[in-house]
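# A structural walkthrough
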Amino acid sequence: SNQMDNRQSITKFGGVELILQVMSFCKDEIEVQRWGCYAIGHLAKDDTSICKSICEAKGVETIVEAMKTARNEPQIQGWGSFAIGNLTSCSFEIREAFREAGAIEIVLEGMKTYPNDSIVQGFGCLSIGSLAEENKKNWKIIGSKGGVTIILQAMKSFPRNALIQEKGCYALGNLAGFDANGSNNASSEKPDGFEIVLRQTNSYSCEKAVVQEEKKDDDEEKDGGNQVADIASICEAGGMQQVLRAMRCYPSEVQIQKRGCIALCW
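Residues numbered from 1 in each chain as written. Predicted model: local features only at pLDDT ≥ 70, side-chain atom pairs only at ≥ 80, totals over all residues. Heavy atoms only, no water.

## Side note on the packing of aromatic side chains
Under the counting rule described, the total for this entry stands at six aromatic pairs. Between the aromatic rings of W35 and Y38, the centroid separation amounts to 5.7 Å while the plane-to-plane angle is 75 degrees, which identifies the pairing as edge-to-face. Taken as a pair, W35 and Y38 lie in helix α3 (residues 30–44) at a separation of three residues, close to a single helical turn. For W35, a relative accessible area of 46% corresponds to the partly exposed category. Centroid distance W79 to F82: 5.3 Å. Interplanar angle 90 degrees. Geometry classified as edge-to-face. Taken together, the positions of W79 and F82, both in helix α6 (residues 74–88) and three residues apart, correspond to about one turn of that helix. Taken individually, W79 and F82 each receive the classification buried, so the pair is uniform in this respect. One aromatic cluster is present, built from ring pairs that chain together W35, Y38, W79, F82 and F123. (Phe/Tyr/Trp six-rings, centres within 6.5 Å; stacked < 30°, edge-to-face > 60°. Helix = DSSP H or I, 4+ residues; strand = E, 2+ residues; numbered from the N terminus. Buried < 20%, exposed > 50% of the residue type's maximum accessible area, 1.4 Å probe, protein only.)

## Some details on the packing of α6 against helix α7 (residues 92–100)
Viewed as axis vectors pointing N to C, α6 and α7 meet at an angle of 145 degrees, and their least axial separation amounts to 8 Å. Seen from α6, the contacting residues are I84, L87 and T88; seen from α7, they are I94, R95 and F98. (Axes fitted to C-alpha atoms, helices over the stretch in contact; angles between N-to-C directions. Contact = heavy atoms within 4.5 Å.)

## Regarding the environment of I262
Within the secondary structure, I262 is located in helix α17 (residues 254–265). For I262, a relative accessible area of 36% gives the class partly exposed. Residues I262 and G173 lie 89 residues apart in sequence; the distance between their C-alpha atoms is 5.9 Å.

## Section: the state of the cysteines
For the coordinates displayed, the defined rule picks out one disulfide. Two residues, C51 and C90, share a disulfide whose sulfurs are 2.3 Å apart. Placement of C51 in helix α4 (residues 48–56) and of C90 in the loop between α6 and α7 is noted, with a sequence separation of 39 residues between them. Judged by relative accessible area, which is 0%, C51 ranks as buried. Overall, C90 belongs to the buried group, its relative accessible area being 18%. (Disulfide = S-S within 2.5 Å.)

## Quick notes on helix α2 (residues 15–25)
Along α2, the positions that sit buried rather than exposed are G15, V16, L20 and M23. Along the axis of α2, the buried positions cluster into a sector of 130 degrees, meaning they face one direction only. Residues of α2 that are exposed and point over 90 degrees away from its buried face: L18 and F25. (Arc of directions from axis to C-beta.)

## Regarding the environment of E96
Its place among the elements puts E96 in helix α7. Sequence-wise, E96 and K137 are 41 residues apart; in three dimensions their C-alpha atoms are separated by 8.6 Å. Among the polar contacts listed, one links the side chain of E96 to the side chain of N135, at a separation of 3.0 Å. (Polar contact = N/O pair within 3.5 Å; in protein donor to acceptor, adjacent residues only side chain to side chain.)

## Thoughts on the confidence of the model for the protein
Averaged over every residue, the pLDDT of the protein is 82; residues scoring 70 or more account for 77%. The least confident element of the protein, judged by mean pLDDT, is helix α13 (residues 194–200) at 39; the most confident is helix α8 (residues 103–113) at 98. Between residues 186–205, whose pLDDT stays under 50, and residues either more than four places distant or in other chains, the model counts 24 contacts. (pLDDT = per-residue confidence, 0-100.)

## With respect to the packing of α3 against α6
The contact between α3 and α6 brings their axes to 8 Å, and the two run at 20 degrees. Here α3 is positioned roughly parallel relative to α6, judged by the angle of their axes. Read as a crossing pair, α3 and α6 show a hand that is left-handed. Residues I30, Q33, R34, C37, Y38, I40, G41, H42 and A44 of α3 touch α6, and the partners they reach there are Q75, I76, W79, G80, F82, A83, N86 and L87. Looking at the contact of α3 with α6, its residues break down into ten nonpolar, six polar and one charged. (Parallel < 35°, antiparallel > 145°, perpendicular 65-115°, else oblique. Left-handed = near helix turned anticlockwise from the far one by under 90°. Nonpolar A, V, L, I, M, F, W, Y, C, P; charged D, E, K, R; others polar.)

## Some details on helix α12 (residues 162–175)
Over its 14 residues, α12 runs 20 Å from end to end, which matches the ideal 20 Å to within 8%, given 1.5 Å per residue. Buried residues dominate α12, accounting for twelve of its 14 residues. Buried within α12 we find I164, Q165, E166, K167, G168, C169, Y170, A171, L172, G173, N174 and L175. Taking the backbone nitrogen of L163 as reference, a side-chain oxygen 3.1 Å away marks N161 as the first, capping residue of α12. (Expected span 1.5 Å × (residues − 1).)

What follows is the structure, given as structure tokens:
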């Protein structure tokens, strides 16, 4: 496509290096960081060769540093997560590099800090889902930092946002791909009670979606800390109900239906 050709041309003529250099030189310029994250995320989308070029030019460190430096800027948190999500979808090695740079922690921190920002929540779900894909170490960190609770809260808070519902299903699907011991769940049977969950949600109406905030006395419980992000804990936390609700609310959204089916395969 013309868009793909344009992105490849930008990369060929040094655009990736230039964007990242500008971000490094202008660390305190919020708009530079915001649009730099957006540009890198856009260039990286569905192109492994461009993702590799970005990483070779220290794109991993630059994006994560931008988010760490501007914790009080939700747009940088959101578009930084956008860049992380698109880059980490390209390869296992890139997912490893982002974990080592602290990406999981900064993405989840942003989602907790800005629960009402749809961009932060949507692209946070994207990046967590991508980081979790076939990566046991990342899965463990996401679980220990309360990732399941954070993803589910995003989906509950934005029942009418198709992006958040799709990316939330995507994240839950990848997290559910492991069992409590961190083994791949691809061939495992559904846990007890799975069919009951399906029956209980058959009558769910999108019009009746209600967001309820539960106050916790214990901070660790409130943050969902020390979780294991496996299929059983996701079911227990209401994850499967949330996936089914998303699928019912958006019957014509192909990506939501696909991500939902994947999440329900485990």
